[in-house]
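Structural features, examined
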Amino acid sequence: MKKIATILAVAALAAVVVNPDTSGPYTDSHGNIYHILPQISDFPTVADFDAAIGHEIFTTRDGRKFQIDRPLTPSELATALANQVVNRALQPNPGSFNGIAAVVTINHPVDEEYRGSFVNIPSLKTYVINEMSVADQALYANWGINFVSQSGQKWDSNDNADMGSLLDEAYREHGLRGKDMMVALTADPTSGGAIGIAYIGLPRQLTYKYYSLEGEIIQHEAGHNYTLYHCSDSTCIMYPYLNGNNLGRFHDYYDSTAGQNHYSVFGNQKNRY
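Heads up: these notes are all about the structure in this document. Only a predicted model underlies this, so the values are computations on that prediction, with no experimental measurement involved.

1. Notes on the packing of helix H6 (residues 121-143) against helix H9 (residues 262-269)
Interhelical geometry of H6 versus H9 gives an angle of 75° and a closest axis separation of 10 Å. Between H6 and H9, the crossing angle belongs to the class labelled roughly perpendicular. Contact with H6, carried on its side by Leu139, Asn142 and Trp143, involves Tyr263, Phe266 and Gly267 of H9 and no other residues of that element. Partitioning the contact of H6 with H9 into residue classes produces four nonpolar, two polar and no charged.

2. Focus: the pairing of strand S9 (residues 204-208)
In summary, the side chains of a regular strand alternate between the two faces of the sheet. Buried residues dominate S9, accounting for five of its five residues. Of the two faces of S9, the one carrying Arg204, Leu206 and Tyr208 and the one carrying Gln205 and Thr207 are both buried. As paired strands, strand S7 (residues 181-186) and S9 are joined by five bridges and run parallel to one another. Within S9, the residue paired with alanine 184 across the bridge is leucine 206. Alignment of strand S8 (residues 196-198) against S9, held across three bridges, turns out to be antiparallel. Paired with alanine 198 across the bridge in S9 is glutamine 205. In sequence, S8 turns back onto S9 through a hairpin of five residues, with glycine 201 there showing a positive phi of about 80°.

3. Considerations on the environment of phenylalanine 66
You can see phenylalanine 66 is positioned in strand S4 (residues 65-66). Classification of phenylalanine 66 by relative accessible area gives buried; the value is 0%. The spatial distance from the C-alpha of phenylalanine 66 to the C-alpha of asparagine 225 is 9.6 Å, given a sequence separation of 159 residues. Apart from residues lying up to four places away in sequence, phenylalanine 66 is in contact with Tyr26, Leu37, Glu56, Ile57, Phe58, Thr60, Met163, Ile197, Ala198, Tyr199 and Ile200.

4. As for the side chain of glutamate 131
Mapped onto the elements of the fold, glutamate 131 is located in helix H6. In contact with glutamate 131, not counting residues within four places along its chain, are Arg88, Ser212, Leu213, Glu214 and Gly215.

5. Some words on the sheet that holds S8
Judged by pairing direction, the sheet is mixed, and its five strands sit side by side in the order S6-S5-S7-S9-S8 without closing on themselves. One side of each edge strand has no neighbouring strand; the edge strands of this open sheet are strand S6 (145-155) and S8. Ignoring strand direction, the axes of neighbouring strands in this sheet form an average angle of 20°. Contacts from H6 reach strand S5 (102-111), S6 and S7 within the one sheet, and its direction differs from that of S6 by about 155°.

6. So, the packing of aromatic side chains
Per the stated rule, a full pass over the model turns up 15 aromatic pairs. Both rings, one in phenylalanine 58 and one in phenylalanine 66, keep their centres 5.9 Å apart while their planes meet at 25°; by these two values the pair is stacked. No difference in accessibility class separates phenylalanine 58 from phenylalanine 66, as the two residues are buried. Ring geometry for tyrosine 226 versus phenylalanine 266: centroids 5.1 Å apart, planes at 35°, classification tilted. On the criterion of sequence distance, the pair formed by tyrosine 226 in the loop between helix H8 (214-225) and H9 and phenylalanine 266 in helix H9 is long-range, its members being 40 residues apart. Owing to a relative accessible area of 0%, phenylalanine 266 belongs among the buried residues under this scheme. Put simply, the rings of Trp143, Tyr226, Phe250, Tyr263, Phe266 and Tyr273 touch in pairs and so form one group of aromatic residues. In this arrangement the basic side chain of arginine 204 is found over the ring face of tyrosine 171, its NZ or CZ atom lying 3.6 Å from the centre.

Here is what the cut-offs are and how they apply
- Residues numbered from 1 in each chain as written.
- Predicted model: local features only at pLDDT ≥ 70, side-chain atom pairs only at ≥ 80, totals over all residues.
- Heavy atoms only, no water.
- Axes fitted to C-alpha atoms, helices over the stretch in contact; angles between N-to-C directions.
- Helix = DSSP H or I, 4+ residues; strand = E, 2+ residues; numbered from the N terminus.
- Parallel < 35°, antiparallel > 145°, perpendicular 65-115°, else oblique.
- Contact = heavy atoms within 4.5 Å.
- Nonpolar A, V, L, I, M, F, W, Y, C, P; charged D, E, K, R; others polar.
- Buried < 20%, exposed > 50% of the residue type's maximum accessible area, 1.4 Å probe, protein only.
- Pairing = 2+ DSSP bridges.
- Phe/Tyr/Trp six-rings, centres within 6.5 Å; stacked < 30°, edge-to-face > 60°.
- Lys NZ or Arg CZ within 6 Å of the ring centre and 35° of its normal.

Written out as structure tokens, the structure is:
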């Protein structure tokens, strides 16, 4: 009898073994279950993807919520890169906020694919610090939120993992390391139909090596870290897909799609971390 019970216990444990390549199954706001996250290729057009997925909220098997930030179309990407220098220059200048600065220290797990795109570690560090400066420029100008990169680790990412699993892996293996937030960096050719992911209201995000747009992506993901949802304002950085022209812009009115005034929420959440 004891032997049968042991066999049954082993079988039960085997049944609950989770797939390390995903943080799913994922559930959307309607209760639909996804074993593989939706991608643009699953839909007839990009517009169809945006209509169905752009404002959807997904939940991991551990109860963490996120939204999918899709890759850009060729024309969207060309526009973002062509206008990048001007858009970055047009962000609000630091120092115009009222009150005490909210310093947020950052830890960076950096995977082997991302590291491999730089000639050496010093050039990687310089690039990352610059992109973090781009990401927080408007946050500092408006609310005194100042991202300060303080540490980083070499991270050997799972090449078969989807974006949710990569974020969880980076946090599990490296986490905050005593800092306020984790901004993990990857160039892993992973599935999941996104160029970045952040858990809503939690101090962890993952940004992909996406041409030279990491600063723009990190700013968008930081919005999620500070509890912002995708909105319907096409001039806001929290629009469902990244628009470089929106860098540093957060709508200052109640948007019914997001259910938020992003400017006010950031002001209320400035000391979250």
